[in-house]
Amino acid sequence: MFVVILTYVADLAQVDDALQDHIAWLDQQYADGVFIASGRRVPRVGGVILARNLSREDLECRLASDPFRRRGLAEYAVTEFVPSRTAEGFEHLLP
């Protein structure tokens with residue numbers, strides 16, 4: 001499983017101009033079964049994505065195709081972890 005932290009490196013007007021393309025990209029990652037949660041950071045300086053069921057290499061390739069990255073609007077920090085415990089109802093996330 002991976003936690004991806006996006007940090008905007010452009011002003012929000014540019015981010016907002018690319019938002020619909022970014023959402024379409026997110027939709028494809030959910031349809032592929034690799035993203036399980038995503039959303040804005042508070043304050044709005046970037047976003048967070050939780051991903052699973054893929055390799056680090058595949059994740060990096062997918063992130064490279066994000067319109068935010070292609071347009072130079074965000075930087076990405078990726079942390080891999082192995083969940084060893086979950087809240088009730090999330091057991092399916094365990095390896």
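Coordinates for the structure precede this section.
Not measured: the values here are computed from a predicted model.

(A) Region of the structure containing the pairing of strand β2 (residues 35-40). The pairing of β2 with strand β3 (residues 46-51) spans five bridges and is classified as antiparallel. Its bridge partner being in β3, Gly-39 is matched across the sheet by Val-48. In sequence, β2 turns back onto β3 through a hairpin of five residues.

(B) Inspection of the packing of aromatic side chains at higher detail. For the coordinates displayed, the defined rule picks out three aromatic pairs. Here Tyr-8 and Phe-68 contribute two aromatic rings whose centre-to-centre distance is 5.9 Å and whose plane-to-plane angle is 85 degrees, an arrangement assigned as edge-to-face. Of the two residues, Tyr-8 is situated in strand β1 (residues 2-8) and Phe-68 in helix α3 (residues 67-70); the sequence distance between them amounts to 60 residues. The pair formed by Tyr-8 and Phe-68 is uniform in burial state, with each residue classed as buried. Where Trp-25 meets Phe-35, the ring centres are 5.5 Å apart and the plane angle is 75 degrees; that geometry is what we call edge-to-face. Of this pair, Trp-25 sits in helix α1 (residues 12-31) while Phe-35 sits in strand β2, placing them ten residues apart in sequence. Residues Trp-25 and Phe-35 agree in their burial class; the two are buried. Ring pairing ties together the aromatic residues Trp-25, Tyr-30 and Phe-35, which thus form one cluster.

What counts and what doesn't
Position labels on residues start from 1 in each chain and follow its written sequence. Per-residue local features are limited, in this predicted model, to residues with pLDDT of at least 70; the limit for side-chain atom pairs, both in listing and counting, is 80 or more; totals at the level of whole chains, interfaces and linings are taken over all residues. Calculation of side-chain values draws on the structure's entire complement of heavy atoms; hydrogens and water are dropped beforehand. Pairing between two strands is assigned when DSSP locates at least 2 bridges connecting them. Here a helix means four or more residues in a row that DSSP labels H or I, a strand means two or more in a row labelled E, and each is numbered from the N terminus. Stacked, edge-to-face and tilted are the three classes for Phe, Tyr and Trp ring pairs, Trp counted by its six-membered ring, which pair at centre distances within 6.5 Å; planes under 30 degrees apart are stacked, over 60 edge-to-face, the rest tilted. Only protein chains enter the accessibility calculation, which uses a 1.4 Å probe; a residue whose area is less than 20% of its type maximum is buried, one above 50% is exposed, and one in between is partly exposed.

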